[in-house]
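Here is how the chains run, residue by residue.
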Amino acid sequence: MPTTLPPLPIVDPHFHIWDANTLPNPNLGELTMKALPVYSFLNYEQDCGVGVAGSVHIEAVVGQAEGAAKALDPVAETRFVLEKVGAEGVKNVNIVAFVKLSAMPEAQAVIDAHKHLAAERFVGVRMILNYSSDDPSLTWPQVERGDFLTGGVPSFKEGFALLAPRGLSFDLQVNWFQLQDAATFLQAFPETVVIVDHMGCLKLGAGDEEDAKRIAVWQEGMKALAALPNVYVKLSMLEYMRSGWQHKETGIATAEVMSSEISAAGNDMEKEISEGSSSTTNANTVVKARVREVIEWFGSERCMFASNFPVDKCLLGGDAQPTTLEALVLAQHALVSDLPEEQTLQLFSETAKKVYKLK
């Protein structure tokens, strides 16, 4: 019989705080601003309820197009986070900050400023690269172009080369159809620790035929990344992948309910894994198939569950039923509850601790 909880306490390698009243950030989007204009460390602590032993604050600046009126100061965000860390008594939190790596030589100065402020807490950089020339909804705020990984912006490669000598990791966030380009680009940087955010941002629910195409492209890209031993993956933002995977009608899922559904849909699960169909298959079954594929390709020692709170709190709960981190962790654990304890420890704490240098 599957357990209902992962080994505790957990380590959460992906969450955000903000205060849109004092540090406005229009890039966070209308849904977030409506549901949670302020989200503090205290709010995060209240949401946890599962014993979080360490966590990583990920930048929410999103991107900065040249000359954009809504450009934000990434160093101001780091200063804000550190002020809240001090004021609210948070201990084991490290920081992944925004640096526009293509803006050379300024990028080096920004890295130095983050380091000056955050010291050992500053462990990595994220520059979101999600871009689509065909579908504007797949281009994230202020991501100005889609050829950073394919040589269209040579200064990006120059900026990326700053990371490894400084012991900094890179959080890679791209669309599923950009993963192969990312794998090709990263072959030149075997010394840089890279973490793929949100399982490669696969987005399903577009119909069986289209979903099957998307899954096939995603699979090839993720396999190419898995072949690079310096690349890790966050198993996160699963609601973005397939809405309703966590029993959205109640806003909460238990391990027992989800495990029984998966068992009952055993044949469908095998069909889903082999054929990649999704729209007519139980959303939880679809998500479990993708999660288990990633763990198989990368190994649990290179995978980590993450909350993406409070973004996933908004996606899952909205205004009516806010979802707790405890509910999310229960649902995540149900996807892997049959795995040995050593692997679940890696998925829920040990991998994140190692990659993000948490105590």
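### Points about the overall build of the chain
Here is step 1: Each helix and strand in the chain was counted, giving 14 helices and ten strands.
Here is step 2: Within the chain, buried positions represent 57% of all 359 residues.
Here is step 3: Put simply, 79% of the contacts in the chain that link residues at least 6 apart link residues at least 24 apart.
Here is step 4: In the form shown here, the chain has an accessible surface area of approximately 14400 Å², with 53% of it arising from carbon and sulfur atoms.

### A look at the layout of surface pockets
Here is step 1: Its volume calculated, the largest pocket comes out at about 680 Å³.
Here is step 2: Lining of the largest pocket is provided by 31 residues; of these, L28, T32, W140, M237 and V311 occupy positions nearest its centre.
Here is step 3: Secondary structure elements with two or more residues in the lining of the largest pocket: α1 (30-35), α8 (238-241) and α12 (311-317).
Here is step 4: Residues that form the lining of the largest pocket fall into these classes: 14 nonpolar, ten polar and seven charged.

### Examining the confidence of the model for the chain
Here is step 1: Mean pLDDT for the chain: 86, with 86% of residues reaching 70 or above.
Here is step 2: Overall, residues 248-280 carries pLDDT values under 50, and its contacts beyond four positions in sequence, including any with other chains, amount to 75 contacts.
Here is step 3: For residues 318-322, every residue scores under 50 in pLDDT, and the model assigns this stretch nine contacts once sequence neighbours within four places are set aside.

### Quick notes on the nonpolar core
Here is step 1: Judged by nonpolar contacts, the single largest core of 91 residues is most densely connected at L101, F156, F160, L225, L235 and V291.
Here is step 2: Among all residues touching L225, those that are not within four sequence positions of it are L179, A182, A183, L186, V196, V231, F298 and R302.

### Points about empty space enclosed by the protein
Here is step 1: For the structure on display, the rule yields three cavities of 30 Å³ or more.
Here is step 2: Taken together, the residues of the lining of the largest cavity sort by class into five nonpolar, three polar and two charged.
Here is step 3: Considering only enclosed or pocket space, the second largest cavity measures out at about 40 Å³ in volume.
Here is step 4: For the lining of the second largest cavity, the residue count by class is seven nonpolar, two polar and one charged.

### Examining unusual backbone geometry
Here is step 1: Here M104 and P105 are connected by a cis peptide whose omega angle stands at 5°.
Here is step 2: Within the element layout of this structure, P105 appears in the loop between β5 (93-98) and α4 (106-118).
Here is step 3: In the segment running from F309 into P310, the intervening peptide bond is cis, with an omega of 0°.
Here is step 4: Within the fold, P310 resides in the loop between β10 (303-305) and α12.
Here is step 5: At C201, a residue that is not glycine, the phi angle is positive and equals roughly 50°.
Here is step 6: Here C201 is to be found in the loop between β8 (194-196) and α7 (208-226).
Here is step 7: Residue C201 is classed as buried on the basis of its relative accessible area, which comes to 0%.

### Remarks on the pairing of strand β6 (residues 122-126)
Here is step 1: A large share of β6 lies buried, amounting to five of its five residues.
Here is step 2: Where the polypeptide runs from β5 across α4 and back to β6, its parallel neighbour, the crossover connection is right-handed.
Here is step 3: Strand direction decides the pairing type here: β6 and strand β7 (residues 169-172), joined by three bridges, are parallel. Opposite V125, over in β7, you have F170 as the bridge partner.
Here is step 4: The parallel pair β6 and β7, bridged by helix α5 (residues 154-160), forms a crossover whose chirality is right-handed.

### Some points on helix α2 (residues 41-48)
Here is step 1: Every buried residue of α2 is listed here: F41, Y44, D47 and C48. Here the buried residues of α2 occupy an arc of 120° about the axis, which is enough to place them on one side.
Here is step 2: The N-cap of α2, judged by a side-chain oxygen 3.2 Å from the amide nitrogen of L42 a few residues on, is S40.

### A short note on the pattern of salt bridges
Here is step 1: With the rule as written, the count across this model stands at 13 salt bridges.
Here is step 2: Its salt-bridge partner being R126, residue D197 comes within 3.3 Å of it at the nearest N-O pair. Of this pair, D197 sits in the loop between β8 and α7 while R126 sits in strand β6, placing them 71 residues apart in sequence.
Here is step 3: Classification of D197 by relative accessible area gives buried; the value is 0%.
Here is step 4: Among the ionic pairs, D338 bridges to R292, the shortest N-O distance being 2.8 Å. In this pair, D338 sits in the loop between α13 (325-334) and α14 (341-355) while R292 sits in helix α11 (residues 283-298), placing the two residues 46 residues apart along the sequence.
Here is step 5: What makes D338 exposed here is its relative accessible area of 52%.
Here is step 6: For R292, a relative accessible area of 21% gives the class partly exposed.
Here is step 7: Salt bridges sharing common partners tie together E59, R126, D171, D197 and K234.

### Digging into the packing of aromatic side chains
Here is step 1: Per the stated rule, a full pass over the model turns up twelve aromatic pairs.
Here is step 2: Look at F156 and F160: their rings are 6.0 Å apart centre to centre, the planes differ by 50°, and that puts the pair in the tilted class. Taken together, the residues F156 and F160, both in helix α5 and four residues apart, mark about one turn of the helix. One exposure class covers both F156 and F160, and it is buried.

Rules used in this analysis
Residues numbered from 1 in each chain as written. Predicted model: local features only at pLDDT ≥ 70, side-chain atom pairs only at ≥ 80, totals over all residues. Heavy atoms only, no water. Helix = DSSP H or I, 4+ residues; strand = E, 2+ residues; numbered from the N terminus. Buried < 20%, exposed > 50% of the residue type's maximum accessible area, 1.4 Å probe, protein only. Contact = heavy atoms within 4.5 Å. Areas by Shrake-Rupley, 256 points an atom, 1.4 Å probe, with all protein chains shown as cover. 1 Å grid on protein atoms, 1.4 Å probe; cavity = no way out; pocket = protein on both sides within 12 Å on 5 of 7 lines; lining within 4 Å. Points joined across faces, edges and corners; volume = space filled by probe spheres on them. Nonpolar A, V, L, I, M, F, W, Y, C, P; charged D, E, K, R; others polar. pLDDT = per-residue confidence, 0-100. Core = buried A, V, L, I, M, F, W, Y, C linked by side-chain atoms within 4.5 Å. Right-handed = clockwise from strand over helix to strand, strands pointing away. Pairing = 2+ DSSP bridges. Arc of directions from axis to C-beta. Polar contact = N/O pair within 3.5 Å; in protein donor to acceptor, adjacent residues only side chain to side chain. Salt bridge = Lys/Arg side-chain N within 4 Å of Asp/Glu carboxyl O. Phe/Tyr/Trp six-rings, centres within 6.5 Å; stacked < 30°, edge-to-face > 60°.

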